[in-house]
Amino acid sequence: MIQAKFSLEESHIQFLAQCKRYGFKDKSDVVRTALDRLHTELARQRLRESADLYREVYAEDDETQEWTDTTVSEWPT
């Protein structure tokens, strides 16, 4: 595994010192988990922003709305 060096606030150090209390095997496990969660949350945020943009474009595009309505009405039930 690759090692990295970075600076932390005192509160972060205190939290990491209690890692086993929270079920982590070591301090590195805490950092990896936190980074994985941050990565997932940022991906979700980008997806939400993209969906919002598509919703705005769709709301202003009558041709796409008409095409969608036609397709939905022809969809088998």
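Cut-off values and rules
- Residues numbered from 1 in each chain as written.
- Predicted model: local features only at pLDDT ≥ 70, side-chain atom pairs only at ≥ 80, totals over all residues.
- Heavy atoms only, no water.
- Patch = residues over 30% accessible without salt bridge, like charges linked within 9 Å, V, L, I, M, F, W, Y side chains within 5 Å.
- Areas by Shrake-Rupley, 256 points an atom, 1.4 Å probe, with all protein chains shown as cover.
- Salt bridge = Lys/Arg side-chain N within 4 Å of Asp/Glu carboxyl O.
- Helix = DSSP H or I, 4+ residues; strand = E, 2+ residues; numbered from the N terminus.
- Buried < 20%, exposed > 50% of the residue type's maximum accessible area, 1.4 Å probe, protein only.
- Expected span 1.5 Å × (residues − 1).
- Polar contact = N/O pair within 3.5 Å; in protein donor to acceptor, adjacent residues only side chain to side chain.
- Axes fitted to C-alpha atoms, helices over the stretch in contact; angles between N-to-C directions.
- Left-handed = near helix turned anticlockwise from the far one by under 90°.
- Contact = heavy atoms within 4.5 Å.
- Nonpolar A, V, L, I, M, F, W, Y, C, P; charged D, E, K, R; others polar.
- Parallel < 35°, antiparallel > 145°, perpendicular 65-115°, else oblique.

## Some words on a nonpolar patch on the surface
Here is step 1: Side chains of Phe6, Leu8 and Ile13 sit close together on the surface and give an oily, nonpolar patch of about 270 Å² of accessible area.
Here is step 2: For isoleucine 13, the location among the structural elements is in helix α1 (residues 10-17).
Here is step 3: Owing to a relative accessible area of 41%, isoleucine 13 belongs among the partly exposed residues under this scheme.

## Regarding helix α2 (residues 27-60)
In an α-helix, one turn spans 3.6 residues; hence positions three or four apart end up facing the same way.
Here is step 1: Across its 34 residues, α2 extends 50 Å between first and last C-alpha, which sits within 8% of the 50 Å expected from 1.5 Å per residue.
Here is step 2: The opening residue of α2 is aspartate 26, an N-cap whose side-chain oxygen sits 3.2 Å from the backbone nitrogen of serine 28.

## Concerning the packing of α1 against α2
Pairs of packed helices are described in terms of their axes, by the angle between the two and the distance that separates them.
Here is step 1: Running from N to C, α1 and α2 cross one another at 115°; their axes reach a closest spacing of 9 Å. As for how α1 packs across α2, the hand of that crossing is right-handed. Residues Phe15, Leu16 and Ala17 of α1 lie in contact with α2, whose contacting residues are Lys27, Val30 and Val31.
Here is step 2: Classifying every residue of the contact of α1 with α2 gives 5 nonpolar, no polar and 1 charged.

## Comments concerning the packing of α2 against helix α3 (residues 62-74)
Here is step 1: Where α2 meets α3, the closest approach of the two axes is 5 Å, and the angle between their N-to-C directions is 95°. It follows that α2 is roughly perpendicular to α3 by the angle criterion. Facing α2, whose interface residues are Tyr58, Ala59 and Glu60, α3 presents Asp62, Thr64, Gln65, Thr68 and Asp69.
Here is step 2: Its residues assigned to classes, the contact of α2 with α3 comprises 2 nonpolar, 3 polar and 3 charged.

## Re the environment of tryptophan 67
Here is step 1: Take tryptophan 67: it is sitting in helix α3.
Here is step 2: Here the alpha-carbon distance between tryptophan 67 and serine 11, two residues 56 residues apart in the chain, equals 55 Å.

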